[in-house]
Structures are given as structure tokens and as C-alpha cells.
Amino acid sequence: MHHRFRGSLYIAALVLSVGISSLCDVGWVSAEEEKTDISMSQPEALRARSDNKESDTAGASAAYLLGEAEGASAREESDQDPWEPFNETMFSFNRNVVDRFLLKPVAVVWDALLPDPVQRSVRNALDNIDVVRRLVNNLFQLKIDGAGRELARFTINSTLGIAGLFDVAKDGFGIQQSDEDTGQTLGVYGIGPGPYLILPFLPPMTVRDGIGLAADGAMNPLNYFIPMAATAGIYGTHAVNERSLNLDRFERIEETVVDLYSAVRNAYLQSRAAAIKE
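In this report, we go over the structure that sits alongside the text. (Residues numbered from 1 in each chain as written. Predicted model: local features only at pLDDT ≥ 70, side-chain atom pairs only at ≥ 80, totals over all residues. Heavy atoms only, no water.)

### Some thoughts on the overall build of the chain
What counts here: Note on conventions: DSSP H or I runs of at least 4 residues are helices, E runs of at least 2 residues are strands, and numbering of each starts at the N terminus. Relative accessibility thresholds used throughout: buried, under 20% of the residue-type maximum; exposed, over 50%; partly exposed, between the two (1.4 Å probe, protein chains only). When checking whether two residues touch, look at their non-hydrogen atoms; a contact exists if any pair is within 4.5 Å. Accessible surface is estimated by sampling points in the Shrake-Rupley manner with a 1.4 Å probe; for residues, cover comes only from the protein chains shown.
Assigned secondary structure in the chain consists of 13 helices and two strands. For the chain, with 278 residues in total, the buried portion stands at 29%. For the chain, long-range pairs separated by at least 24 residues make up 70% of all intrachain contacts whose partners lie at least 6 apart in sequence. When the accessible surface of the chain is summed, it comes to about 16,900 Å², and 65% of that surface belongs to carbon and sulfur atoms.

This is how it looks when you write it as C-alpha cells:
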């Protein structure tokens with residue numbers, strides 16, 4: 001999901017460690033250079049100077065490669081996130097206001113009232129209703145196997161699974177979900193992601209995925225059969241339910257990740273790129 005960015009981080013870290021090691025070696029040798037020349041014979045001294053030059057070259061090469069890696073990473077982040085000041089403000093608002101004072105407190109109460117099996121059933125039912133989005137985008141991406149699995153899952157879960165409350169298709173028949181959305185479909189057809197974007201009350205996205213999110217919402221059957229307020233309530237229930245199921249996970253991430261904004265952005269962009277390549 002996020003192998004490209006992590007790979008670049010690993011390479012940069014490796015180059016950094018090699019560079020520091022080489023520069024430290026050069027520093028120690030330079031400090032002892034005069035004593036070495038006096039105590040050594042002339043051929044030995046010449047060989048020592050040659051070794052010093054090789055260490056200097058290795059250190060300079062490592063420093064150059066590190067600079068190139070850091071510069072490329074900075075340019076890539078700048079290209080992907082040109083609206084970073086705005087996005088960071090919105091990220092802070094969503095995290096420190098919406099989640100802290102609204103979503104998390106409700107999710108804690110929700111978690112206390114409903115046992116995990118009930119919460120998972122709520123998730124299953126909402127996922128079952130969202131079959132149209134997955135089916136249409138599987139067809140647009142010519143993933144016939146995925147479209148067939150979605151039809152089979154909907155039929156089984158809507159009947160044997162009691163209106164989708166239980167994922168009988170997966171647990172009983174081993175039929176896995178084929179989760180595709182319009183943002184992925186646009187990407188498959190060569191449309192670039194555009195800038196990274198964070199808006200109030202919404203998940204992270206790119207401009208392309210924002211357009212896809214609107215199209216996906218239009219494919220939700222509930223929008224055409226129940227009032228808008230009820231639809232909003234269902235979406236809110238889904239958000240609270242997901243937050244409740246991931247209370248401990250979110251807390252661990254917040255405690256261990258230093259730069260949460262960058263971590264969320266990079267994980268999102270990498271996961272989306274990987275999903276499009278599947």
C-alpha cells in the first residue's frame with residue numbers, strides 16, 4: 001500500500017547512516033593524520049593518504065545522494081500537497097475539534113452501549129447497501145470477477161444474512177468483497193489524483209477522489225428513498241460506528257506517531273496509488 005514512500009525513506013536512512021559513518025571515519029583519520037605520517041614509512045603514508053581520499057569520496061558521495069533523496073522527497077510532497085497550510089488547518093480542526101469534542105465522545109458512549117458484534121452488524125448492513133458503488137466501478141474497470149462476487153455477496157447477505165446484518169458470504173462461503181470506487185476508476189483511466197485536500201468533517205482525499213466521492217454518494221440507493229436528514233443520520237451512524245470499533249487503534253497511532261498530518265497524508269496517497277494498480 002505504501003511501499004514507494006517507505007522505500008524512499010529506507011533508502012534515505014541507509015544513505016544517511018553510510019554518510020555519517022564515512023564522515024566520522026574521515027574526521028578521525030584527519031585528526032590523526034600528522035602523527036600517522038611521522039610514524040609510518042613513506043610508502044605506508046602514501047597508502048594512508050590514498051585511503052583518506054577514498055573515505056572523503058565515499059562521504060561526499062553519501063552526502064550528495066542524501067541531499068538528492070531529501071530534495072526529491074520534498075519536491076514530491078510539494079507537488080502532491082500544494083495546499084498544505086490550508087490542509088493542516090483543516091486537519092487540526094477535524095482532529096482537535098470534530099473528533100475530540102464530537103465524534104470520539106459519541107463513539108465512546110456508543111461503544112459502551114453496543115457490544116462489538118452489534119457494531120459489526122451495523123457495519124455489515126451499511127456495507128451491504130453500498131453494493132451499487134462497488135458493482136458499477138468493478139464493471140467500469142472491467143473486473144468481471146469482482147462484479148460477480150459483489151452480486152453474489154449482496155444476494156447471500158440480503159437473504160441468509162438477514163438484510164446484510166451478517167456477512168454470511170464471507171464467513172460461510174469465503175466470498176471476499178471487491179471494494180472499488182469512482183476515484184479508483186478515474187485513476188485506472190489515467191486521470192491524475194490532483195492536489196491532496198482536507199475539508200471539514202470529511203476524510204482525506206485528492207481532488208480526483210473528491211469528485212469520485214460525490215459520484216459514489218449519488219450511487220447510494222438510500223439517497224432516493226429516504227429524506228435527506230435520514231440519509232445524513234445514517235452516514236453519521238456509520239462514522240460513529242467506525243470510530244467506536246477503532247478507539248484503541250486511533251489512540252495508539254496518536255501516541256506513537258510524531259507528525260500525524262504527514263503520516264496520514266502519505267499513508268492515504270500510497271494506499272490509493274496501490275489500489276489503482278491492483
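### Points about the side chain of threonine 185
Defined as follows: Residues adjacent in sequence count toward polar contacts only when both atoms are side-chain atoms; beyond that, a polar contact is any pair of N or O atoms within 3.5 Å, and within protein one must be able to donate a hydrogen and the other to accept it.
Mapped onto the fold, threonine 185 is located in helix H9 (residues 182-188). What makes threonine 185 buried here is its relative accessible area of 7%. Side-chain polar atoms of threonine 185 contact the side chain of glutamine 141, separated by 2.9 Å. When residues no more than four places from it in sequence are discounted, the contact partners of threonine 185 are Asn137, Phe140 and Gln141.

### Section: the packing of aromatic side chains
The criterion, for reference: Put simply, two rings from Phe, Tyr or Trp (the six-membered ring, in Trp's case) pair if the centres are within 6.5 Å, and we call them stacked under 30 degrees between planes, edge-to-face over 60, tilted for the rest.
Considering all chains together, one arrives at four aromatic pairs under this definition. Each ring, one from phenylalanine 91 and one from tyrosine 261, has its centre 5.5 Å from the other, and the planes form 80 degrees; the classification is edge-to-face. Highlighted residues: phenylalanine 91 in helix H4 (residues 84-113) and tyrosine 261 in helix H13 (residues 260-277), separated in sequence by 170 residues. Its relative accessible area of 4% is what places tyrosine 261 among the buried residues. Relative to phenylalanine 201, the ring of phenylalanine 93 has its centre 5.7 Å away and its plane inclined at 85 degrees; by these criteria the two rings are edge-to-face.

### Structural notes on the pattern of salt bridges
For clarity, the cut-off: Salt bridges are identified by distance alone: a Lys or Arg side-chain nitrogen within 4 Å of an Asp or Glu carboxyl oxygen.
Evaluated as defined, the whole model comprises 13 salt bridges. Here glutamate 254 ties to arginine 95 by a salt bridge, and the two come within 3.6 Å at their closest N and O atoms. With glutamate 254 in helix H12 (residues 247-256) and arginine 95 in helix H4, this residue pair connects regions lying 159 residues apart in the sequence. With a relative accessible area of 30%, glutamate 254 lands in the partly exposed category. Classification of arginine 95 by relative accessible area gives partly exposed; the value is 31%. Its salt-bridge partner being glutamate 180, residue lysine 143 comes within 3.0 Å of it at the nearest N-O pair. Highlighted residues: lysine 143 in the loop between helix H6 (131-140) and helix H7 (144-159) and glutamate 180 in the loop between helix H8 (168-173) and H9, separated in sequence by 37 residues. Accessibility expressed as a relative area gives 4% for glutamate 180, which makes it buried. Each of Asp181, Arg208, Asp209 and Arg272 takes part in a single network of salt bridges with overlapping partners.

### Quick look at H13
Inclusion rule: Helix span is expected to be 1.5 Å times the residue number reduced by one.
A rise of 1.5 Å per residue sets the reference length of H13, with its 18 residues, at 26 Å; its end C-alpha atoms lie 26 Å apart and thus fit the reference within 8%. When H13 is considered as a whole, its buried residues turn out to be Leu260, Tyr261, Ser262, Arg265, Asn266, Tyr268, Leu269, Gln270, Arg272, Ala275 and Ile276.

### Let's talk about the packing of H4 against H13
What counts here: Orientation is described by axes fitted as lines to C-alpha atoms, over the contacting stretch for helices, and by angles from 0 to 180 degrees between their N-to-C directions. Roughly parallel here means an angle under 35 degrees, roughly antiparallel means over 145, roughly perpendicular means 65 to 115, and every remaining angle is called oblique.
Direction vectors running N to C along H4 and H13 enclose 105 degrees, while the axes themselves pass 11 Å from each other. Relative to H13, the element H4 is oriented roughly perpendicular. Between H4 and H13, the contacting residues are Glu84, Asn87, Glu88, Phe91 and Arg95 on the first element and Leu260, Tyr261, Val264 and Arg265 on the second.

### Focus on H6
The condition is simple: Arc, as used here, means the arc of the directions from the helix axis to the C-beta atoms.
All of the buried residues in H6 are Val131, Arg133, Arg134, Asn137 and Asn138. Seen from one end, H6 has its buried residues packed into an arc of 165 degrees, which puts them on one side. Check the buried side of H6 and you find it contacts helix H5 (116-129), H7, H9 and helix H10 (207-218). Directly after H6, the chain includes leucine 142, whose backbone phi takes a positive value near 60 degrees.

### Focus: the nonpolar core
Heads up, the rule is: What is meant by a nonpolar core is a set of buried Ala, Val, Leu, Ile, Met, Phe, Trp, Tyr and Cys residues, joined one to another through side-chain atoms within 4.5 Å.
Counting 10 residues, the largest nonpolar core is built from Met90, Phe91, Tyr196, Leu197, Ile198, Met205, Leu260, Tyr261, Tyr268 and Leu269. Of all the elements in the fold, those that place two or more residues in this core are H4, strand E1 (196-197) and H13. Of all the elements, H13 adds the most residues to this core, at four residues. Not counting chain neighbours up to four residues away, the residues in contact with tyrosine 196 comprise Gln80, Asp81, Trp83, Asn87, Pro204, Met205, Thr206, Tyr261, Val264, Arg265, Tyr268 and Leu269.

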